[in-house]
Structures are given as structure tokens and as C-alpha cells.
Amino acid sequence: MLFYKPNDGYVGDIMPYYMDGEYIFFYLKTKREGEIFSDVTWHMVKTKDFMNYYDDKCLGIKGGTGSVLKIDDTYNVFYCDNSDFDTSEFKKQYACHAVTKDFDEIVEVNRFHSRGSIYEAANFRDPHVFWNEEKQEYWMLLASRTLGKTNRKGCVGLYTSKDLESWEEKRPLYAPRIDVGAHECPDLFKIGDWWYLTYSSYTGFYATVYRMSRSQDGPWEIPSQEMIDTRCFYAGKTVSDGKSRYIVGWNPTKEAPYYSEWNPSPYDGNDYNIYDWAGNIEVHQLVQNDDGTLGVKLPDIIENVFNHNEPIVVDNIFNDWQIEKNNASILTDKFSAVLMNNMSETCLVKANITFNENVRRCGLILRGNQDIDKAYYITLNMQTNCIEFTSHFFQGEAGWQYMSHEVDLQRPYRFKEGITYEIKVVIDGSILIVYFNEEVALSARVYDLSDGRLGIYTIAGEVEFKNIELLTI
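1. Digging into the packing of aromatic side chains
Move 1: Considering all chains together, one arrives at 38 aromatic pairs under this definition.
Move 2: Where Tyr376 meets Phe389, the ring centres are 5.8 Å apart and the plane angle is 25°; that geometry is what we call stacked. Of this pair, Tyr376 sits in strand S26 (residues 376-381) while Phe389 sits in strand S27 (residues 386-390), placing them 13 residues apart in sequence.
Move 3: Site record: aromatic cluster; members linked through ring pairs are Tyr4, Tyr18, Tyr23, Phe25, Phe50, Tyr53 and Tyr246.
Move 4: Arg111 extends its terminal NZ or CZ atom over the ring of Tyr94, reaching a point 5.4 Å from the ring centre.
Move 5: Between Arg231 and the ring centre of Tyr206, over which it is positioned, the NZ or CZ distance is 3.7 Å.

Here it is as C-alpha cells:
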């Protein structure tokens with residue numbers, strides 16, 4: 001399974017950990033029984049390759065996101081608790097600390113909440129604890145909101161300790177007055193000379209973002225591509241094996257019935273549905289660019305398992321393309337497309353794309369039918385400077401009813417003519433991920449079209465697709 005989900009539930013926030021060649025993903029499991037989400041409990045599952053998962057185990061912690069820190073032979077587990085005993089309007093949230101030797105018996109040893117001088121007591125969660133080598137003390141990052149008159153209070157809070165028992169409240173590590181909501185699931189790490197701070201935002205936009213600095217104390221720069229992925233990747237936290245660094249989040253399903261009243265009455269599929277809380281595990285590999293910014297790529301360990309290359313067979317051509325083996329090119333003033341092989345449920349599509357300044361839009365057709373009146377489109381849009389994912393329901397007569405905007409998901413990107421770009425698309429069941437030029441990731445959900453053909457297309461201009469590959473496991 002490329003994107004893990006337990007058979008009897010869904011994966012919420014993930015707290016990744018690496019030890020002795022094995023990745024341990026601590027995660028919040030929910031069952032969705034009668035409510036939007038219910039019975040949220042800590043679980044742990046193991047993997048060595050992000051493909052095969054084993055030893056899923058319930059830890060019994062009825063709490064929110066946190067972190068795990070091993071000291072000698074003891075695991076220190078930090079998590080959030082919304083106290084059931086606090087019935088006030090602004091319920092306090094608690095940072096909790098428990099210890100265990102083997103995760104069979106977990107004993108809470110401490111908990112505390114905001115003292116009310118810097119941070120709101122109602123937003124005090126997701127404790128991320130680590131030993132700060134430079135400061136020679138433990139740091140606890142927290143998803144919180146500062147006190148103050150403005151409602152844009154979202155921040156990454158900071159507490160420090162020498163012994164994991166007594167914690168000193170400090171000014172926020174990052175409080176930019178951008179977001180209304182708390183900066184969820186914070187993480188801090190270093191690659192080379194750069195420090196990186198990641199967190200997830202659910203107000204303003206819904207995504208995992210990052211900041212960069214030469215110092216762990218800031219100031220923090222906002223990179224031009226601040227989002228790690230789209231709305232379909234949330235609560236990303238990172239883990240390293242000492243060689244590569246990965247960011248692990250969840251791709252939300254669109255299956256729960258709670259928001260069906262939002263759907264237009266003629267529409268009976270899942271693609272239009274509102275996103276749920278929790279879904280499947282999704283792992284990206286981070287790439288550090290020369291200027292310190294981060295790119296996102298398909299993890300090498302996953303790409304390498306797609307080792308069956310299906311010969312490309314042209315099935316249908318719209319307008320005159322020059323086709324030779326795995327390459328296709330055209331100069332046109334209209335919509336032009338090529339349909340190829342039928343796509344397996346799990347597959348990897350790869351291609352190199354080059355175009356001139358007259359191209360308006362070009363890209364991939366996924367799970368398309370013979371007439372391409374139904375398909376998913378990955379579009380490089382030179383007019384909007386975006387990489388776009390578009391669902392099939394926009395392509396019918398009733399498409400105007402379904403959305404107030406033209407595309408489902410998009411990532412900004414400034415294209416240049418004459419540059420050869422590399423695109424990779426992984427599809428497994430209802431999950432689709434685009435990796436563009438080892439810079440940008442775009443995740444989506446695709447429910448309604450379960451099969452169909454691979455294709456390429458352009459609208460006007462001169463475009464060349466080279467090294468088109470369709471690979472399976």
C-alpha cells in the first residue's frame with residue numbers, strides 16, 4: 001500500500017520518528033462513527049520503505065498531536081489534552097508528558113497549560129520537544145495564539161527546560177500576525193547552513209508551509225513557494241534517516257457523509273465532496289536548492305519500486321502530432337491531444353515537457369475516456385502561472401453549477417519558454433500526486449473516474465513531450 005490507512009479507521013496527524021533503519025509513524029487514529037471524527041487515539045505503525053507498513057499498535061493515549069523523544073532507554077511522549085473537566089467557554093489545552101520503556105505501559109508524569117501572560121490557554125497544543133544542542137536545553141514548540149487586540153494571533157510558541165520537568169515560558173519563536181488560527185504541528189530542523197520551521201495553517205489558506213533562516217532564533221524568511229503541497233496535504237512533520245529528510249502528512253478523504261448537503265443535487269459522485277479530517281499517510285522527500293529554498297520530490301525509495309515499463313501505445317490522436325516512440329510534438333493553434341495506454345489503478349507517469357511562448361495551456365490527461373469528455377487534467381497554465389488539477393465534472397454542460405472557480409487545486413509556478421521540465425504523477429486508487437521538476441508537489445483525490453487512458457494535450461503553440469513513461473509496480 002503506497003498510502004497507508006488502517007482498515008478500520010483513518011490517519012490524522014502523524015509524528016514521524018526514525019530509529020535503527022526503521023521509520024515509526026505515531027499518528028492520531030479516528031473511526032468517524034456518527035460524528036465528523038470520533039475516538040481519536042494515538043497509534044503507531046512501522047515501515048522501512050513507505051510502502052510496506054506493519055505492527056500497527058494502539059497506544060491508548062486519548063490526546064492530540066505531539067512528539068516522541070528517546071533519552072537512554074526511556075521514550076518521552078508529549079501530546080495535547082483538551083481537558084474534559086474544564087467546561088468553561090474557552091477550554092484550556094494542556095501540554096502533557098508521559099514516559100514508557102516499550103509503549104506497552106505509558107505513564108503520564110506532567111502536564112501544564114499556558115500561564116496566560118503570552119499565550120492563550122484555549123490554544124496551547126501540539127508540543128514538539130527536542131534537545132537544542134546550540135542552547136544546551138530542551139525546547140518545546142507549541143501551536144498557539146498570542147494575547148493581544150488583533151485577531152491575527154497565530155504563532156509558534158516556545159517553552160524551554162533543562163530537565164523536561166520545569167518549563168520556562170518564552171516569547172514566540174514565530175508570530176508574524178498573518179493567521180487567525182494557531183500554527184499547528186510545528187517542526188524545526190537544520191539542513192546545511194539553513195534552519196527551517198514548518199507548521200500547518202487552517203485559516204487564510206489550508207496547507208503546510210515553511211520558513212527559513214540562518215539562525216534558529218530567526219528572523220524567518222517567507223520563501224516564494226511557501227506551501228509544501230496543496231489543501232490535500234496537512235499537518236506535515238519531518239523525519240531524517242541521516243541522509244535524506246522526508247515530510248509526512250495526511251491526504252484527506254472525501255468520503256464522510258457529513259457535508260453532503262453542500263453538493264449540487266444532480267451530482268452523485270465523491271469528487272465534489274468537502275474534504276474530511278484525516279485520511280491516508282503521504283510522504284514527500286525534501287530537496288535543498290542552492291539558495292536554501294526547499295523543493296519537494298517523489299521519494300527515491302518509492303519511485304524505484306515502479307520497475308515495469310509499459311510500452312507506449314497510441315490509441316487516438318486529436319489533430320496532427322509528430323510521434324516517434326515515447327516522444328510527441330506539435331505546432332498548433334487549437335486544442336490538440338494524444339490518447340495512449342489504459343492506466344492501471346496504481347501507476348507512475350513520467351515525461352519531459354518543453355514549450356514556446358505561444359502555448360496557452362498544456363499537460364497530462366489522466367483516466368480519460370475515448371472522447372476525452374471525461375478525464376482528470378494536470379495543466380501547466382502559462383496565463384495564470386500555475387500548475388492546476390481539474391476534475392472531470394467541469395467538462396460537462398453542468399460544470400458551472402459545481403464550483404465558483406475554474407480548478408480544484410493549484411500551485412503557483414513561473415514558467416519559462418524553452419526550458420525542459422520534468423513531471424511525475426503517482427496514482428494509487430483515489431490518491432494522485434504531481435511532482436514537478438523536483439520543486440513543487442500537488443496532491444489531490446480522484447474518486448469518480450477509476451480507470452481510463454493516459455494522454456497529453458496542448459492549447460495552441462509549439463510543445464514537445466519527450467520520454468513519456470507509464471510504469472507499474
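Picking up where we left off.
2. Describing the pairing of strand S13 (residues 184-191)
Move 1: Of all the eight residues making up S13, six are buried; the element is thus mostly covered by neighbouring parts of the structure.
Move 2: As paired strands, S13 and strand S14 (residues 194-201) are joined by six bridges and run antiparallel to one another. If you follow Phe189 over to S14, its bridge partner there is Tyr196.
Move 3: Between the end of S13 and the start of S14, which pair antiparallel, lie two residues, with Gly192 showing a positive phi angle near 60°.

3. Details of the side chain of Thr458
Move 1: Residue position: Thr458 is located in strand S32 (residues 453-472).
Move 2: A polar side-chain atom of Thr458 sits 3.5 Å from the main-chain carbonyl oxygen of Arg361.
Move 3: Polar contacts involving the side chain of Thr458 include one to the main-chain carbonyl oxygen of Ala460, which spans 3.2 Å.
Move 4: Excluding anything up to four places from it in sequence, Thr458 contacts Trp321, Ile330, Thr332, Lys334, Phe335, Ser336, Val359, Arg361, Cys362 and Val463.

4. As for the environment of Asp163
Move 1: With respect to the element layout, Asp163 can be found in the loop between strand S11 (154-161) and strand S12 (168-174).
Move 2: Between the C-alpha atom of Asp163 and that of Glu137, which follows or precedes it by 26 residues, the distance is 8.0 Å.
Move 3: A polar contact is formed between the side chain of Asp163 and the backbone nitrogen of Glu165, at a distance of 2.8 Å.

5. Some words on unusual backbone geometry
Move 1: With an omega of 0°, the peptide bond between Gly218 and Pro219 qualifies as cis.
Move 2: The phi dihedral of Arg367 is positive, around 55°, even though this residue is not glycine.
Move 3: Along the polypeptide, Arg367 turns up in strand S25 (residues 361-368).

6. Some words on the nonpolar core
Move 1: Of all hydrophobic cores here, the largest spans 45 residues; its most connected members are Phe355, Leu366 and Leu432.
Move 2: Per-element accounting of this core gives the leading share, six residues, to S32.
Move 3: Contact partners of Phe355, with chain neighbours within four places excluded, come to Cys362, Leu380, Met382, Phe415, Lys416, Glu417, Gly418, Tyr421, Glu462 and Val463.
Move 4: Counting residues in hydrophobic clusters, the runner-up holds 42 residues, among them Val11, Met212, Val239 and Ile281.

7. Things to note about the sheet that holds S14
Move 1: Taken in spatial order, the three strands of this open sheet run S13-S14-S15, and their pairing is antiparallel. The strands lining the two open edges of the sheet, one partner per strand, are S13 and strand S15 (207-213). Mean inter-strand twist for the sheet, computed between neighbouring axes without regard to direction, equals 20°.
Move 2: When S14 meets S15, the two strands line up antiparallel, connected through seven bridges. Bridge pairing links Thr198 to Tyr210 in S15.

8. Examining the pattern of salt bridges
Move 1: Tallied over the entire structure, the rule returns 20 salt bridges.
Move 2: One salt bridge in this structure joins Asp39 and Lys62, with 2.3 Å as the shortest N-O distance. Residue Asp39 is located in the loop between strand S2 (22-30) and strand S3 (41-47), and its partner Lys62 is located in the loop between strand S4 (53-58) and strand S5 (64-71); the two are separated by 23 residues in the primary sequence.
Move 3: Its relative accessible area of 37% is what places Asp39 among the partly exposed residues.
Move 4: Overlapping salt bridges, with partners in common, bring together Asp81, Glu108 and Arg111 in one network.

9. A look at a nonpolar patch on the surface
Move 1: A contiguous nonpolar patch, built from Val314, Ile317 and Ile323 and spanning about 210 Å² of accessible area, is present on the exposed surface.
Move 2: Topologically, Ile317 is positioned in strand S21 (residues 316-318).

10. As for the environment of Leu142
Move 1: Assignment of secondary structure puts Leu142 in strand S10 (residues 137-146).
Move 2: In this structure the C-alpha to C-alpha distance between Leu142 and Pro127, which are 15 residues apart in sequence, comes to 4.9 Å.
Move 3: For Leu142, the residues in contact, after removing those within four places along its chain, are Ala95, Phe124, Arg125, Asp126, Pro127, Cys155, Val156, Gly157, Tyr159 and Pro186.

11. Here's the deal with the layout of surface pockets
Rolled over the atoms, a probe with the dimensions of a water molecule shows which regions are left empty.
Move 1: By volume, the second largest pocket is sized at about 570 Å³.
Move 2: His128, Phe130, Asp187, Thr238 and Arg245 are the residues nearest the centre of the second largest pocket, which is lined by 23 residues in total.
Move 3: Elements with a minimum of two residues in the lining of the second largest pocket: strand S1 (10-19), S5, strand S9 (119-132), S13 and strand S16 (234-240).
Move 4: A per-class count over the lining of the second largest pocket returns 14 nonpolar, five polar and four charged.

Quick notes on the rules
Residues numbered from 1 in each chain as written. Predicted model: local features only at pLDDT ≥ 70, side-chain atom pairs only at ≥ 80, totals over all residues. Heavy atoms only, no water. Phe/Tyr/Trp six-rings, centres within 6.5 Å; stacked < 30°, edge-to-face > 60°. Helix = DSSP H or I, 4+ residues; strand = E, 2+ residues; numbered from the N terminus. Lys NZ or Arg CZ within 6 Å of the ring centre and 35° of its normal. Buried < 20%, exposed > 50% of the residue type's maximum accessible area, 1.4 Å probe, protein only. Pairing = 2+ DSSP bridges. Polar contact = N/O pair within 3.5 Å; in protein donor to acceptor, adjacent residues only side chain to side chain. Contact = heavy atoms within 4.5 Å. Core = buried A, V, L, I, M, F, W, Y, C linked by side-chain atoms within 4.5 Å. Axes fitted to C-alpha atoms, helices over the stretch in contact; angles between N-to-C directions. Salt bridge = Lys/Arg side-chain N within 4 Å of Asp/Glu carboxyl O. Patch = residues over 30% accessible without salt bridge, like charges linked within 9 Å, V, L, I, M, F, W, Y side chains within 5 Å. Areas by Shrake-Rupley, 256 points an atom, 1.4 Å probe, with all protein chains shown as cover. 1 Å grid on protein atoms, 1.4 Å probe; cavity = no way out; pocket = protein on both sides within 12 Å on 5 of 7 lines; lining within 4 Å. Points joined across faces, edges and corners; volume = space filled by probe spheres on them. Nonpolar A, V, L, I, M, F, W, Y, C, P; charged D, E, K, R; others polar.

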